[in-house]
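In case you want the letters, here they are:
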Amino acid sequence: MDFSDKLFILLYNTLKACLDQILWLWGALFIIGFAIFFVSRLRDRAFSQSVGQKAELFLTGWIGTPVHEMGHAVFCVLFRHKITEAKFFAPAEDGTLGYVKHEYNIKSTYQNIGNFFIGIAPMLFGATVIYALLGILLPQYLPEELSGSIAGTGWEIFRNFFRIENFSNWKFWLFLYLSMGIASHMKLSAEDFKGAANGFITLLCLIFFVNFIANIFLTFGLKDLAVAGWLATKADVLLALFYSIMLYALAMSVIYLLFAYLLLMISKIFKSTDNPQSS
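All figures in this text were calculated on a predicted structure; none of them were measured in a lab.

Caption draft 1: Quick look at the packing of helix H2 (residues 53-78) against helix H4 (residues 121-137). Direction vectors running N to C along H2 and H4 enclose 110°, while the axes themselves pass 8 Å from each other. Relative to H4, the element H2 lies roughly perpendicular. Listed contacts from H4 to Val67, His68, Met70, Gly71, His72, Val74 and Phe75 of H2 are Ala121, Pro122, Leu124, Phe125, Gly126 and Val129. The class makeup of the residues in the contact of H2 with H4 is nine nonpolar, four polar and no charged.

Okay, structure coming up:
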């Protein structure tokens, strides 16, 4: 095999590894994230047509919005962005519920990548807070042993979650309410998407570079990267846990949407009663 063949194989394996890793790491997150975004838009529309958007703030906004903005702030700190102003819960007339303004060094690769994680932080941090609440309020449902399977991990956590005896446990209801409030405000805003997209481009370049260097060793002599396999196994376990919580968050968002539609239905019934059409 001559040098040109090895170079072709090197580039092919690098691009394939990049695609596999992006789908493995972020594929499910993008799908669940867009699902939560779509469900949240339908819910907001239903609330605005029934009891009004301000009523929704008192139902879940007071808990969901601070967690959303705190996620941005935490990842700003982790990626060394300077927070210039932060409002964790400050509803405004333009629909803004809170915000975190930050600055960063555009020449820093690390801080540029940080834009991606800061943008998607409400999902990452929100899932972490939901899992922490589960451990505080219902520790008996924490998985005894984690696996690399999303279905297996989710089943381990929630298989006994809706047992009849739980309905008399106030901690169960508190967890449901708090987790629903957090999940319903994990939706990313337009600014979140914009910031995440900018950081994602830099992240893609880094992923390509790391895979390119690794595949140089594999193509031109080194036969195995045992450390990479070990890291992938550990990452599988963490991803399975994270996506199990994200699927739960999506389920809570859907339940909250159904509640919003119920209020909309009741509102329409009352409006039709108050304004009967004359024949």
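Caption draft 2: Spotlight on helix H5 (residues 150-158). Along H5, the positions that sit buried rather than exposed are Thr153, Gly154, Ile157 and Phe158. Taken around the axis of H5, the buried residues stretch over an arc of 110°, which confines them to a single face. Opposite the buried face of H5, by more than 90 degrees, sit the exposed residues Ala151 and Trp155.

Caption draft 3: Structural context of helix H3 (residues 109-119). In terms of burial, H3 is largely enclosed, as nine of its eleven residues are buried. For H3, the set of buried residues is Gln111, Asn112, Ile113, Gly114, Asn115, Phe116, Phe117, Ile118 and Gly119.

Caption draft 4: View of unusual backbone geometry. Its identity is not glycine, yet Arg80 carries a phi of approximately 60°, on the positive side. The residue Arg80 is located in the loop between H2 and strand E1 (82-87) in this model.

Caption draft 5: Looking closely at the nonpolar core. Ranked by internal contacts, the top residues of the largest apolar core, which has 65 residues, are Trp26, Ile120, Ile130, Phe161, Phe175 and Met246. Listed by contribution, the elements that provide at least two residues to this core are helix H1 (3-49), H2, H3, H4, H5, helix H6 (170-183), helix H7 (190-219) and helix H8 (226-274). Broken down by element, this core gets its largest block of residues, 15 residues, from H8. Discounting residues that sit within four places of it in the chain, Ile120 has contacts with Trp26, Leu29, Leu188 and Ala196.

Caption draft 6: Structural detail: the environment of Tyr99. With respect to the helices and strands, Tyr99 occurs in strand E2 (residues 99-103). We classify Tyr99 as partly exposed; its relative accessible area is 25%. Considering only alpha carbons, one finds Tyr99 and Ala73, 26 residues apart in sequence, at a separation of 9.3 Å. Every residue in contact with Tyr99, bar those within four places of it in the chain, is listed here: Glu69, Glu85, Ala86 and Lys87. Of note is the side chain of Tyr99, whose polar atom sits 2.8 Å from the side chain of Glu85.

Caption draft 7: Focus on a nonpolar patch on the surface. Among the surface-exposed residues, Trp62, Met70, Val74, Leu78, Phe88, Phe89, Trp170, Leu174 and Tyr177 lie close enough to one another that they form a single nonpolar patch of about 830 Å² accessible area. Mapped by element, the contributors of at least two residues to the nonpolar patch are H2 and H6. Here the nonpolar patch gets four residues from one element, more than from any other, and that element is H2. Inspection of the secondary structure puts Leu174 in helix H6. Residue classification places Leu174 among the partly exposed residues on the basis of a relative accessible area of 31%.

Calculation rules
- Per chain, the residues get numbers from 1 upward, laid out in the order the sequence is written.
- Selection of residues for local features in this predicted model requires a pLDDT of at least 70, selection of side-chain atom pairs for listing and counting requires 80 or more, and totals for whole chains, interfaces and linings are taken over all residues.
- Excluding hydrogens and water, the side-chain values take into account all heavy atoms of the structure.
- Here an angle of 0 to 180 degrees is reported between the N-to-C directions of two axes, which are lines fitted to C-alpha atoms, with helices fitted over the stretch in contact.
- A run of H or I in DSSP counts as a helix once it spans at least four residues, and a run of E counts as a strand once it spans at least two, with each numbered from the N terminus.
- Here the word oblique covers every angle except those under 35 degrees (roughly parallel), over 145 (roughly antiparallel) and from 65 to 115 (roughly perpendicular).
- By the convention used here, residues are in contact when the closest approach between their heavy atoms is within 4.5 Å.
- Amino acids outside the nonpolar list (Ala, Val, Leu, Ile, Met, Phe, Trp, Tyr, Cys, Pro) and the charged list (Asp, Glu, Lys, Arg) are all regarded as polar, and Gly is one of them.
- Under the scheme applied here, a residue whose accessible area is under 20% of the maximum for its type counts as buried, over 50% as exposed, and between as partly exposed, the area being computed with a 1.4 Å probe on protein chains only.
- As used here, the arc is the angular range of directions from the helix axis to the C-beta atoms.
- Residue types Ala, Val, Leu, Ile, Met, Phe, Trp, Tyr and Cys, when buried and joined through side-chain atoms within 4.5 Å, form a set referred to as a nonpolar core.
- Pairs of N or O atoms within 3.5 Å make up the polar contacts considered here, provided that, within protein, one atom can donate a hydrogen while the other can accept it, and that residues adjacent in sequence are counted only when both atoms are side-chain atoms.
- Residues forming no salt bridge and having over 30% relative accessible area are the ones grouped into patches, like charges within 9 Å of each other and nonpolar side chains (Val, Leu, Ile, Met, Phe, Trp, Tyr) within 5 Å.
- Per-residue accessibility takes into account occlusion by the displayed protein chains alone, with areas from the Shrake-Rupley method and a 1.4 Å probe.
- Salt bridge, as used here: a side-chain nitrogen of Lys or Arg that lies within 4 Å of a carboxyl oxygen of Asp or Glu.

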